[in-house]
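# Fold and contact review
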Amino acid sequence: MVIVAGIVQGAGAELVFAAWRYKRFDRTTMYLASVGCTITGFLWSFIRSNYLAIAPQLLVVYFIVRLISSFIFSGVLCKLMGDSLARTGLLKSYALGRAMRG
């Protein structure tokens, strides 16, 4: 189930990257990708874990906590790590590396 959850969450990010044809890797794109991960992951958990049984107020809090967590770990930290790797030249054959040079 962990693998399926990862695929579902990744699909949310991939939709955002695909919208820009994998050519934009700025902060806005990364933040939107983290929101996409949160939405698809939450929907998967909603179905898989029967969130209908949970009070609506608790669901809102749960979604907000997941959104903040995803924003920090998937948006901010991944952007910082990706930019750091690109500066080393390690990613020069990828779009992110080319974007850092240009």
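For the structure itself, consult the block above.
Okay, so let's go over this structure.

### Re the packing of helix 1 (residues 2-19) against helix 2 (residues 27-48)
- Closest axis-to-axis distance for the helix 1/helix 2 pair is 7 Å, and the angle between their directions is 140°. Along this stretch, helix 1 crosses helix 2, giving a crossing that reads as right-handed. Packed against helix 1, whose contacting residues are V4, A5, V8, Q9, G12, A13, V16 and F17, the element helix 2 presents T29, M30, L32, A33, G36, C37, T40, G41 and W44 at the interface.

### Let's talk about the environment of Y62
- Residue position: Y62 is located in helix 3 (residues 56-88).
- Residue class for Y62 comes out partly exposed when judged on its relative accessible area of 35%.
- The sequence separation of Y62 and G89 amounts to 27 residues, and the corresponding C-alpha distance is 39 Å.
- In contact with Y62, other than residues within four places in its own chain, are F42 and Y51.
- A distance of 3.2 Å separates a polar atom in the side chain of Y62 from a polar atom in the side chain of Y51.

### What about the nonpolar core?
- Grouped together as the largest cluster of nonpolar side chains are 10 residues: A13, V16, F17, F25, M30, A33, C37, A86, L91 and L96.
- Breaking this core down by element, the ones donating at least two residues are helix 1 and helix 2.
- Filtering out sequence-adjacent residues up to four positions away, M30 remains in contact with F17, F25, S74, G75, C78 and K79.

### Structural notes on the environment of V8
- Residue placement: V8 occurs in helix 1.
- Of the residues examined, V8 reaches a relative accessible area of 22% and is grouped as partly exposed.
- Separated by 35 residues in the primary sequence, V8 and L43 have C-alpha atoms spaced 9.2 Å apart.
- Every residue in contact with V8, bar those within four places of it in the chain, is listed here: T40, G41 and W44.

The rules behind the values
Residues numbered from 1 in each chain as written. Predicted model: local features only at pLDDT ≥ 70, side-chain atom pairs only at ≥ 80, totals over all residues. Heavy atoms only, no water. Axes fitted to C-alpha atoms, helices over the stretch in contact; angles between N-to-C directions. Helix = DSSP H or I, 4+ residues; strand = E, 2+ residues; numbered from the N terminus. Left-handed = near helix turned anticlockwise from the far one by under 90°. Contact = heavy atoms within 4.5 Å. Buried < 20%, exposed > 50% of the residue type's maximum accessible area, 1.4 Å probe, protein only. Polar contact = N/O pair within 3.5 Å; in protein donor to acceptor, adjacent residues only side chain to side chain. Core = buried A, V, L, I, M, F, W, Y, C linked by side-chain atoms within 4.5 Å.

Function cannot be inferred from these measures alone, as they are strictly geometric.
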